[in-house]
Amino acid sequence: MKAIILFIASFSYTVLAAQNLVGKCSAIKTGTLYLVNRSNETTDSVAIKNGRFSFTHKLREPSLFKLRSPALKDDLYLVLDNKQLAIEIDSDGEVKYRSNNVLNVDFQKIYKDFLAFQQEIIKRSPAVDSLDNDSLLAVRRRIYDGYIQKITDFVIQKSSELSSALVLFEIIQLSKLLPPDELKKRFELLSGKVKDSQYGQKIGAYLKKELSLRAGNLAPDFEFVDLENKEHILSEYKGKYVLLHFWASWCGPCRGENKKLPALLSSLASLPLTIIHISWDSDKEAWLKAIKADNLEGYKHVLNVKASKSDVFRNYQISGIPDTVLIGPDGHIVQNDIKWEELEKHVK
């Protein structure tokens, strides 16, 4: 099983556009609360007076926001619609709902399950020095399959309600929990009205783009800097096969696959092939140490620049590692997720 990359911190929010959010805050009598819309960096604020606060917004349709305050134990995600939602924040920063809406109730349940799923996966991450831990990976697969089935059941049950698109977009799409073709299967379960919602339209636009990253389609070009600080662009390798190898030093399955490569060097050396290793590491020292330990010196290496125009992982929609993309001499994708030992069959 691949190491699942969870893009946890990048929830997106719709445009602030009338919902009243009212509340009490026993811990703080005065201060400021913030309601954040991350999609356009819009933040609204309101003063806490005598332990009470209220927000008033006009929404085109229900949307997800984040409430931020020193009074809260953690940032609070809320689905707001045009009915009043009332909360009370106790002295421990915990939130109680005095009035709620169905969409928020549904989302809070799914989001709670999502956080629990994250923790279960993280607890069972294979150690780098335990490369052959099949039983641990099997447990991770069962946890992942169980969570995805729970989401699928929810989407089927709520297919005519906005909450289905909200969950698919905010949790599944943005966290890259499913590849585009599997997300598309769930998206097709939604009613026409839900597909036309703001969240449905976002999913549709995403799928249109990402499903183009298939065999036969043009590979997205990108710039990168190698270990010697030399600048390159993917298209400069046109006329040769290029294998993009996505990995990380902390990824046990990746390091296990890396160990296979030295034994294949003699056969790969005769192929018209350039291999570019693209790492998800944030620790440069650990990355360089792993390159040396796995005998990957002599190849082109790229330390991925996250959340930038050069973020190759996002541009190629890599949701788990290790992963590979083989690009042909004409710049079109030949195959995704190809194994080292299969290269000779495809590179001629």
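Above this note sits the structure.
My aim in this report is to walk through the structure given alongside it, one point at a time. (Residues numbered from 1 in each chain as written. Predicted model: local features only at pLDDT ≥ 70, side-chain atom pairs only at ≥ 80, totals over all residues. Heavy atoms only, no water.)

## Re the overall build of the protein chain
A tally of helices and strands in the protein chain yields 11 helices and 17 strands. The buried share among the 348 residues of the protein chain stands at 48%. Approximately 16900 Å² of the protein chain is accessible, and the part contributed by carbon and sulfur atoms is 50%. (Helix = DSSP H or I, 4+ residues; strand = E, 2+ residues; numbered from the N terminus. Buried < 20%, exposed > 50% of the residue type's maximum accessible area, 1.4 Å probe, protein only. Areas by Shrake-Rupley, 256 points an atom, 1.4 Å probe, with all protein chains shown as cover.)

## Concerning the sheet that holds strand β13 (residues 273-279)
Taken in spatial order, the five strands line up as β14-β13-β12-β16-β17 in an open sheet, and their pairing is mixed. The open sheet is flanked by β14 (300-303) and β17 (333-336), the only strands paired with a single partner. On average, each strand axis in the sheet is tilted by 20° relative to the strand beside it, whichever way the strands run. Two strands pair when backbone bridges link them, and strand β12 (residues 241-247) and β13 are joined in this way by seven bridges, in the parallel orientation. By the bridge assignment for β13, Val 242 is matched with Thr 274. Against the sheet, helix α9 (residues 284-293) engages β12, β13 and β14, with an angle of about 160° to β14. (Pairing = 2+ DSSP bridges. Axes fitted to C-alpha atoms, helices over the stretch in contact; angles between N-to-C directions. Contact = heavy atoms within 4.5 Å.)

## Examining the environment of His 346
Position of His 346 among the secondary structure elements: in helix α11 (residues 343-346). Since its relative accessible area comes to 24%, His 346 is described here as partly exposed. Taking the C-alpha atoms as reference, His 346 lies 9.3 Å from Gly 328; in sequence the two are 18 residues apart. Excluding anything up to four places from it in sequence, His 346 contacts Tyr 241, Leu 326, Gln 335 and Ile 338. At 3.1 Å, the side chain of His 346 and the side chain of Gln 335 are in polar contact. (Polar contact = N/O pair within 3.5 Å; in protein donor to acceptor, adjacent residues only side chain to side chain.)

## What to know about the side chain of Ser 63
Within the element layout of this structure, Ser 63 appears in strand β6 (residues 63-68). Separated by 3.0 Å, the side chains of Ser 63 and Gln 198 make a polar contact.

## Some points on the side chain of Ser 69
Examined against the element boundaries, Ser 69 turns out to sit in the loop between β6 and β7 (76-80). On the accessibility criterion, Ser 69 (9% relative accessible area) is buried. Other than its neighbours up to four places away in sequence, Ser 69 contacts Thr 32 and Leu 33.

## Details of the layout of surface pockets
Here the second largest pocket is characterised by a volume of approximately 430 Å³. For the second largest pocket, the lining is made up of 15 residues, of which Asp 75, Leu 76, Glu 94, Val 95 and Gln 108 are closest to its centre. When residues of the lining of the second largest pocket are assigned to their parent elements, the largest contribution, five residues, is made by helix α1 (residues 102-123). Of the residues belonging to the lining of the second largest pocket, the class tally is seven nonpolar, two polar and six charged. (1 Å grid on protein atoms, 1.4 Å probe; cavity = no way out; pocket = protein on both sides within 12 Å on 5 of 7 lines; lining within 4 Å. Points joined across faces, edges and corners; volume = space filled by probe spheres on them. Nonpolar A, V, L, I, M, F, W, Y, C, P; charged D, E, K, R; others polar.)

## A closer look at the packing of aromatic side chains
Tallying each qualifying case throughout the model produces 12 aromatic pairs. For the pair Phe 53 and Phe 55, a centre-to-centre distance of 6.4 Å together with 65° between the ring planes defines the contact as edge-to-face. The buried category is assigned to Phe 53, whose relative accessible area is 5%. Overall, Phe 55 belongs to the buried group, its relative accessible area being 2%. Seen in terms of ring centroids, Tyr 77 and Tyr 111 are 5.1 Å apart; in terms of plane orientation they differ by 65°. Their pairing is edge-to-face. Taken as a pair, Tyr 77 in strand β7 and Tyr 111 in helix α1 lie far apart in primary sequence, 34 residues in all. On the accessibility criterion, Tyr 111 (13% relative accessible area) is buried. (Phe/Tyr/Trp six-rings, centres within 6.5 Å; stacked < 30°, edge-to-face > 60°.)

## Brief notes about the pairing of β13
Counting buried positions along β13 yields seven of seven residues, so the element is predominantly enclosed. Along β13, one buried face is formed by Leu 273, Ile 275, His 277 and Ser 279 and the opposite face, lined by Thr 274, Ile 276 and Ile 278, is buried too. Two strands pair when backbone bridges link them, and β13 and β14 are joined in this way by four bridges, in the parallel orientation. Each bridged residue has a counterpart across the sheet, and for Ser 279 the counterpart in β14 is Leu 303.

## Notes on empty space enclosed by the protein
Of the voids in this model, the largest cavity is the one considered here, and its volume is about 30 Å³. The wall of the largest cavity is formed by Leu 264, Ser 267, Leu 268, Trp 340, Glu 341 and Glu 344. Residue composition of the lining of the largest cavity, by class: three nonpolar, one polar and two charged.

## Looking at the nonpolar core
Core analysis: the biggest nonpolar cluster contains 42 residues, and Leu 244, Phe 246, Leu 273, Ile 276, Ile 278, Tyr 316 and Leu 343 have the highest contact counts within it. Of all the elements in the fold, those that place two or more residues in this core are β12, β13, α9, α10 (312-315) and β16 (323-327). For this core, the leading source of residues is β12, giving six residues. Setting aside chain neighbours within four positions, we find Phe 246 in contact with Ile 278, Val 312, Phe 313, Tyr 316, Ile 318, Ile 321, Pro 322, Asp 323 and Val 325. In this structure, Val 167, Phe 169, Leu 177 and Leu 190 belong to the second largest nonpolar core, which totals 35 residues. (Core = buried A, V, L, I, M, F, W, Y, C linked by side-chain atoms within 4.5 Å.)

## Considerations on unusual backbone geometry
Residues Ile 321 and Pro 322 are joined by a peptide bond in cis, for which omega reads 5°. Inspection of the secondary structure puts Pro 322 in the loop between β15 (320-321) and β16. Positive phi values are uncommon outside glycine, yet Asn 295 reaches one of about 60°. Locating Asn 295 in the fold gives a position in the loop between α9 and β14.

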